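Residues per chain, in single letters:
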Amino acid sequence: MTPVTVQIPADWPATEEQALAVQDELRVRVVLDEPGPPPGTGRVTGVDVAYDDERDVVAAAAVVLDAATLAVVAEATAVGRISFPYVPGLLAFREIPTVLAALDALPCAPGLVVCDGYGLAHPRRFGLAGHLGVLTGLPTIGVAKNPFTFTYDDPDAPRGSTSPLLAGAEEVGRALRTRDGVKPVFVSVGHRVSLDNACAHTLALTPAYRLPETTRRADALCRAALRAATT
């Protein structure tokens, strides 16, 4: 599989001020009142990225799974230059051109897209999952490994237990236990999916491990693409 080579778009934000203005413009287009596709049906796609900052290279992967069986249906990778400096809260601007190229290279429609990161659980309520959803029109969710800057009570020990992920009194996502007694993951809505449904999808994607199969497979693929691009 040959990765797509990605150029940074000519109009891509170059400064923090420009990126914040883009977030403000796009955030109002997030759709929060749709349930999204039923869990366990159709296709579900994981996206992830890997970086080599010293060589100024980013690799993205998109892996499409059959939602019912979790078998791989299709996969694609893209490699390009890092498109934005590291700024907390603006990480999507480092990732999106390459992620979009990987999604565009898929031979089939991706269905629900699962990001290794955040949607509404973001200081400006517009993490990668929301940003990607607005740009593509696809239903998206974020499943993160840590709670970012937000607070939560530890969910009960059994798999499937949840607790609100809170910004003050506002629920921006949920801590979700995907394995009995194992640290939860942190689920938030990106675009065109309800929070209940986002958690149900995450449970359907975690039959054996803490992290969704979408994330596990996309992580392995983007790391392999990065190694190939930098050796």
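Above this text you will find the structure in question.
What you see is a predicted model, and the numbers here were worked out from it, not measured in a lab.

Visitor: Could you give an account of the pattern of salt bridges, naming the residues involved and the relevant values?
Guide: Summed over the entire model, instances satisfying the criterion amount to 14 salt bridges. Residues R124 and D24 are paired through a salt bridge, measuring 2.7 Å at the closest nitrogen-oxygen approach. Separated by 100 residues along the polypeptide, R124 in the loop between β5 (112–115) and α3 (128–136) and D24 in helix α1 (residues 16–27) bring together distant segments of the chain. Accessibility expressed as a relative area gives 36% for D24, which makes it partly exposed. Overlapping salt bridges bring together D24, R27 and R124 as one network.

Visitor: Lay out the sheet that holds strand β9 (residues 185–191) with the relevant residues and their values.
Guide: The sheet built from nine strands is open, its strands ordered β1-β4-β3-β2-β5-β6-β9-β8-β7 with mixed pairing. A single partner strand is all that each edge strand has here, and the edge strands are β1 (4–6) and β7 (162–167). Sheet twist, expressed as the average angle between the axes of neighbouring strands with direction ignored, equals 30 degrees. With 10 bridges joining them, strand β2 (residues 43–52) and strand β3 (residues 57–66) adopt antiparallel strand pairing. By the bridge assignment for β3, D48 is matched with A61. Sheet strands in contact with α3 are β2, β5, β6 (140–144) and β9, and its direction is about 160 degrees off that of β6. Set on the sheet, helix α4 (residues 195–204) makes contact with β5, β6, β8 (170–176) and β9; between it and β8 the angle comes to about 15 degrees.

Basis of the calculations
- The residue count restarts for each chain, going from 1 along the sequence in the order it is written.
- Only residues with pLDDT of at least 70 get local features here, since the model is predicted, and only at 80 or more are side-chain atom pairs given and counted; chain-wide, interface and lining totals rely on the full set of residues.
- Side-chain figures throughout are based on the complete set of non-hydrogen atoms in the structure, without hydrogens or water.
- Here, a salt bridge means any side-chain nitrogen of Lys or Arg that lies within 4 Å of a carboxyl oxygen of Asp or Glu.
- For helices the rule is a DSSP run of H or I covering at least 4 residues; for strands it is a run of E covering at least 2, with both sets numbered from the N terminus onward.
- Partly exposed residues are those whose accessible area sits between 20% and 50% of the maximum for their type, while under 20% is buried and over 50% is exposed, using a 1.4 Å probe and protein chains only.
- A pair of strands is labelled paired if DSSP reports no fewer than 2 bridges between them.
- With axes taken as lines fitted to C-alpha atoms, and helix axes fitted only over the stretch in contact, angles between N-to-C directions fall between 0 and 180 degrees.
- Residues count as neighbours in contact if any of their non-hydrogen atoms are within 4.5 Å of one another.

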